[in-house]
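Working through the structure, step by step
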Amino acid sequence: MLKKNSFVLIISILLFILIISISETAPFLKILLSLLAVAFLFPAFRKHVFQNKMRKLKVALLTSMTFSIGLFFSSLPMAGMEAFSFITVMSFIVVLLYSLLGNLLYGLPVSILAEYLSVKTSRFRIFLSAFIHLGFGFATFFVAPAFFLWASICSVLFFIWDEVTRRSYMKRGHEMSI
């Protein structure tokens, strides 16, 4: 799990957890952020996150951008003349940051789990991956019902972007083994 040269990584994670623990962040979010930070101590998790030029992180960013832009454009008819006001732009940024946070804390580990489990079944890989992505998106109903719709939309987008980037990397000749 830990190597001699991982001193900087360990200190960075401990400092991150210390900053999170003394902040005014909600306790549930503190736990999630701390668990994500601890997950980076495991080489297998780091390998999956950073493989193929950080494909999974790019997918999380693409999902958040797509979700935020889609939500922005769907609210344009209601905004009318104030579509590009300061409040609307700030709302877009807030939605982007919160969706990125959710995609990094919830979507990224779920996607790594889905890829890990689905690679082992080559025949039904895409169906199993879709089931896992969507299943965890829909499971948000039991954890945080207020975010159920948004998490479900993000899980669909995350799955689509994950498959698009996966195929793109495979066409370029990158290895997709887990």
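These numbers come from a predicted model, not from an experiment. (Residues numbered from 1 in each chain as written. Predicted model: local features only at pLDDT ≥ 70, side-chain atom pairs only at ≥ 80, totals over all residues. Heavy atoms only, no water.)

**Concerning the overall build of the protein**
Helix and strand content of the protein: six helices and zero strands. Listing each helix as α and each strand as β along the protein from the N terminus yields α-α-α-α-α-α. Along the longest, intermediate and shortest principal axes, the C-alpha atoms of the protein span 60 × 45 × 35 Å. Per-residue burial over the protein gives 32% buried out of 178 residues. Within the protein, contacts between residues separated by at least 24 positions form 66% of all contacts whose residues are at least 6 apart in sequence. Of the roughly 11,300 Å² that the protein leaves accessible, carbon and sulfur atoms contribute 77%. Averaging the locations of the 16 positively and 6 negatively charged side chains of the protein gives two centres separated by 12 Å. (Helix = DSSP H or I, 4+ residues; strand = E, 2+ residues; numbered from the N terminus. Buried < 20%, exposed > 50% of the residue type's maximum accessible area, 1.4 Å probe, protein only. Contact = heavy atoms within 4.5 Å. Areas by Shrake-Rupley, 256 points an atom, 1.4 Å probe, with all protein chains shown as cover. Lys, Arg positive; Asp, Glu negative; His and termini not counted. Charge placed at Lys NZ, Arg CZ, Asp CG, Glu CD.)

**Brief notes about the packing of helix 1 (residues 7-22) against helix 2 (residues 27-39)**
Look at helix 1 against helix 2: their axes get within 10 Å of each other, and the N-to-C directions meet at 180 degrees. As the angle between them shows, helix 1 and helix 2 are arranged roughly antiparallel. Touching Ile-13, Phe-16, Ile-17, Ile-20 and Ser-21 of helix 1 are Lys-30, Leu-33, Ser-34, Ala-37 and Val-38, all from helix 2. (Axes fitted to C-alpha atoms, helices over the stretch in contact; angles between N-to-C directions. Parallel < 35°, antiparallel > 145°, perpendicular 65-115°, else oblique.)

**Examining the environment of Ile-19**
Its place among the elements puts Ile-19 in helix 1. Among the residues examined, Ile-19 registers a relative accessible area of 53% and is labelled exposed. C-alpha of Ile-19 to C-alpha of Lys-30: the two residues are 11 residues apart in sequence and 9.8 Å apart in space.

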